[in-house]
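Each chain, written out:
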Protein chains: 2
Amino acid sequence: MATTQEMPSETLRASRPSDPVSPLEKEALKQIALLGGIMEQVELNSSEFASLLATSQQTASRRILELVEEGLVERDLGVRKQRLKITPQGLEVLKAEHAAYQRIFELSETVHLTGRVRSGVGEGQYYMSQDGYVRQFRAKMGFTPYPGTLNVELSGPEVNKLRLLKARPAVVIERFQTEERTFGGVHAWPARISGRACAAILPNRTHYTRVIEVIAPEHLRSSLSLKDDDPVELEVEVRD
Amino acid sequence: MATTQEMPSETLRASRPSDPVSPLEKEALKQIALLGGIMEQVELNSSEFASLLATSQQTASRRILELVEEGLVERDLGVRKQRLKITPQGLEVLKAEHAAYQRIFELSETVHLTGRVRSGVGEGQYYMSQDGYVRQFRAKMGFTPYPGTLNVELSGPEVNKLRLLKARPAVVIERFQTEERTFGGVHAWPARISGRACAAILPNRTHYTRVIEVIAPEHLRSSLSLKDDDPVELEVEVRD
DNA sequence: ATTACTATTCTACGAGTAT
DNA sequence: TATACTCGTAGAATAGTAA
């Protein structure tokens, strides 16, 4: 499980670190929720539950036991039908699942990237000291960049999300020349890192990188106390 | 089997038999989608995929094969990493799942009930001919009810959803008296049945019924060509 | 390096049934 | 009626590798 799920700490329960909930259990939880199990108790015998889950009565029964065992569902075992209600922990599982689907069909145009802090070879500072970049960032991104970049290496599959980014319109930072050399253009997207406004940038025509650079009005490493290999989440804003 | 039919029309649903997609496969689809597999191809080797799914490389590989087999994912098997993209059918699966979670968290203020048409003993016509009811419905629901009700028997677990309904504010139709007898009050909620405006009604203090009655400005049985035991979907509007 | 076959392990399903 | 136990077994997951 590489992705760090949203963890709203409103119900700080004494529950264990919420060991992985299997897809089968999520499906079961979802069915209970669809019947109103978040708001009210739901009367549901194991045979009915079985047909909702397309499985046998025995398996449905066992599934309920699992859910109860994991604290995701509370049960009143009446004489006739059992009554089920989703617990706050169960609700968190559902919310996380819902959030995942919200991201997939996101209306709020954000790409969530997770990666780790890497140290570059200090070029970030050199580049972001160039007046040609500084003036463009100030004009187009609305802040004066701290002279340095935070390198974020995307881990494994996360790299795919760069394709989503590149497909969206970016703020174009133009190439420019000094007396010594030429500095290439970059694409930039407004972003947030741990809540701080920043910009995610990629040099033009970089195709196979797994590193994205972050610039900000402040020195992120110190203001966020970041060390190499620290995990970070980057929320990049994209629009059409 | 693998005939991928392009499906340009949104409304023309995938008429494919679409054998049940298991929760495990849905989870896999979801992970691909989170990496951008709806918009773009996603580079994902089976080991990376395995860790996303918290399973082994072999199982991840097999899962991809299943998804391809079922036409939910398209694959380019390159030399290095395979590239995956979710097909229109796969997208439908994800949309359905998303819709389920949307319902759970009631961003749509609608309770969806499914059931079957039942014939009452003709009391519906008797009641809905009473001026005391007719005038109240006209005033409070905005239409003159056809003299008769459509009985919808909720099947099995659907009955639980009535509890959701009862917990929401309803239009209150008051009890009234004639010279012969007293007619009890009912609760009503605006609703739609096969797109037609109607109202779902429940007598006050009915607790253990599995039948909900539907009234409308028209004779639903004929205008919707409904026979006994026909399945119907009822979308009841609820507000706070 | 990949993917995915075959063989093996073992989980989890469902039949039968106790409660 | 229910739920849920034991237990034999099908099929899913993994190990070991081939390609």
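An account of the accompanying structure is given in this report.

## Structural notes on helix α6 (residues 131–141) of chain A
When α6 of chain A is considered as a whole, its buried residues turn out to be Y133, V134, Q136, F137 and M141 of chain A. Downstream of α6 of chain A by one or two residues, G142 of chain A has phi in the positive range, about 85°.

## Some points on the pattern of salt bridges
Summed over the entire model, instances satisfying the criterion amount to 35 salt bridges over all chains. The partner of R168 of chain A in a salt bridge is E109 of chain A, with the nearest N and O atoms 2.9 Å apart. Placement of R168 of chain A in the loop between α7 (161–166) and β6 (171–173) and of E109 of chain A in the loop between α4 (88–104) and β4 (110–118) is noted, with a sequence separation of 59 residues between them. A cluster of three or more residues bridged by salt bridges with shared partners is formed by K26 and E97 of chain A together with E27 and K30 of chain B.

## Thoughts on the protein's contact with DNA strand D
Around DNA strand D, a shell composed of 17 residues is seen, among which S46 and R75 of chain A together with T55, S56 and T59 of chain B lie nearest. When the atoms of DNA strand D within 4 Å of the protein are grouped by moiety, sugar and phosphate amount to 63% of the total. Mapped onto the surface near DNA strand D, the elements with two or more residues apiece are α3 (57–69) and β2 (73–77) of chain A together with α3 (57–69) of chain B.

## Quick word on the protein's contact with DNA strand C
Close to DNA strand C lie 17 residues; T55, S56, Q58 and T59 of chain A together with S46 of chain B are nearest. Among all atoms of DNA strand C positioned within 4 Å of the protein, those belonging to sugar or phosphate total 60%. Note that a phosphate oxygen of DNA strand C is positioned 2.7 Å from one of the side-chain N or O atoms of S56 of chain A. The contact in question runs from a phosphate oxygen of DNA strand C to an N or O atom on the side chain of S61 of chain B, over 3.5 Å. When grouped by side-chain class, the residues that make up the surface near DNA strand C number three nonpolar, ten polar and four charged.

## Some points on the layout of surface pockets
For the second largest pocket, the calculated volume is near 1,300 Å³. Lining of the second largest pocket is provided by 47 residues; of these, E27, K30, Q31 and L34 of chain A together with A100 of chain B occupy positions nearest its centre. When residues of the lining of the second largest pocket are traced back to their parent elements, those giving at least two are α1 (23–34) and α2 (46–53) of chain A together with α1 (23–34), α4 (88–104), β4 (110–118) and α7 (161–166) of chain B. Counting residues per element, the lining of the second largest pocket draws most heavily on α4 of chain B, which supplies ten residues. Tallied by class, the residues present in the lining of the second largest pocket amount to 23 nonpolar, nine polar and 15 charged.

## Some thoughts on the sheet that holds β2 of chain A
Residues and elements named next belong to chain A. The strand order across the open sheet formed by three strands is β1-β3-β2, and the pairing between neighbours is antiparallel. Both edges of this open sheet fall to β1 (42–43) and β2, since each of them pairs with a single strand only. Of the strand pairs in this sheet, β2 and strand β3 (residues 82–86) are connected by five bridges, and their pairing is antiparallel. Looking across to β3, one finds that D76 is bridged to R83. Contacts from α1 reach β1, β2 and β3, with the element oriented near 100° to β3. Contacts from α3 reach β2 and β3, with the element oriented near 120° to β2.

## Brief notes about the packing of aromatic side chains
All names here are of chain A. Per the counting criterion, the structure on display carries 15 aromatic pairs over all chains. Plain terms: the ring middles of Y126 and F183 are 5.9 Å apart, the flat faces sit at 50° to each other, and that makes the pair tilted. Of the two residues, Y126 sits in helix α5 (residues 123–127) while F183 sits in strand β8 (residues 182–183), which places them 57 residues apart along the sequence. Accessibility expressed as a relative area gives 1% for F183, which makes it buried. Consider the rings of Y133 and F176, whose centres lie 4.7 Å apart with planes at 85°: the pair is edge-to-face.

## Structural notes on the relation of the copies chain A and chain B
Overlay of chain A on chain B (RMSD 0.2 Å): rotation 180°, translation along the axis 0.0 Å. Both copies are brought into coincidence by an operation consistent with a two-fold rotation axis. For chain A, the minimum C-alpha distance to the rotation axis belongs to P23 of chain A and amounts to 2.7 Å. Looking at chain A, 95% of its interface residues are interface residues in chain B too, so the copies touch through the same face.

## A few points about α4 of chain B
Note on helix geometry: an α-helix contains 3.6 residues per turn, so any two residues three or four positions apart are oriented the same way. The terminal C-alpha atoms of α4 of chain B, which comprises 17 residues, lie 24 Å apart, in line with the 24 Å expected from a rise of 1.5 Å per residue. The set of residues buried in α4 of chain B consists of Q89, G90, V93, L94, E97, H98, A100, Y101 and I104 of chain B. Turning to α4 of chain B, the residues buried within the fold contact α1 and α4 of chain A together with α1 and β3 (82–86) of chain B. Immediately downstream of α4 of chain B, the backbone of E106 of chain B shows phi near 45°, a positive value.

## So, the interface of chain A and chain B
In this complex, chain A contributes 39 residues to the contact, which on the side of chain B involves 41 residues. With both sides pooled, the region where chain A packs onto chain B buries about 3,700 Å², and carbon together with sulfur makes up 67% of that total. On inspection of chain A and its partner chain B, the count reaches four salt bridges. Among the ionic pairs, E97 of chain A bridges to K30 of chain B, the shortest N-O distance being 3.0 Å. Summed over the shared surface of chain A and chain B, the result is eight residue pairs in polar contact (both at pLDDT 80 or more). Going through the elements one at a time, α1, β1, α2, α4 and α7 of chain A are the ones with two or more residues in the side of chain A that touches chain B. It is α4 of chain A that provides the largest number of residues to the side of chain A that touches chain B, a total of ten residues. Classifying every residue of the side of chain A that touches chain B by side-chain character gives 21 nonpolar, six polar and twelve charged.

## Regarding the sheet that holds strand β2 (residues 73–77) of chain B
Residues and elements named next belong to chain B. Reading across the sheet, the three strands line up as β1-β3-β2 and stay open at both edges, with antiparallel pairing between neighbours. The open sheet is flanked by β1 (42–43) and β2, the only strands paired with a single partner. Of the strands in this sheet, β1, β2 and β3 touch α1, which is tilted by about 100° from β3. Of the strands in this sheet, β2 and β3 are in contact with α3, which crosses β2 at around 120°.

Reading the values: rules and limits
Residues numbered from 1 in each chain as written. Chains lettered and ligands numbered in written order. Predicted model: local features only at pLDDT ≥ 70, side-chain atom pairs only at ≥ 80, totals over all residues. Heavy atoms only, no water. Buried < 20%, exposed > 50% of the residue type's maximum accessible area, 1.4 Å probe, protein only. Helix = DSSP H or I, 4+ residues; strand = E, 2+ residues; numbered from the N terminus. Salt bridge = Lys/Arg side-chain N within 4 Å of Asp/Glu carboxyl O. Near = heavy atom within 4 Å. Polar contact = N/O pair within 3.5 Å; in protein donor to acceptor, adjacent residues only side chain to side chain. Nonpolar A, V, L, I, M, F, W, Y, C, P; charged D, E, K, R; others polar. 1 Å grid on protein atoms, 1.4 Å probe; cavity = no way out; pocket = protein on both sides within 12 Å on 5 of 7 lines; lining within 4 Å. Points joined across faces, edges and corners; volume = space filled by probe spheres on them. Pairing = 2+ DSSP bridges. Contact = heavy atoms within 4.5 Å. Axes fitted to C-alpha atoms, helices over the stretch in contact; angles between N-to-C directions. Phe/Tyr/Trp six-rings, centres within 6.5 Å; stacked < 30°, edge-to-face > 60°. Least-squares fit on C-alpha atoms with pLDDT ≥ 70 in both. Expected span 1.5 Å × (residues − 1). Buried area = accessible area lost by both parts, 1.4 Å probe.

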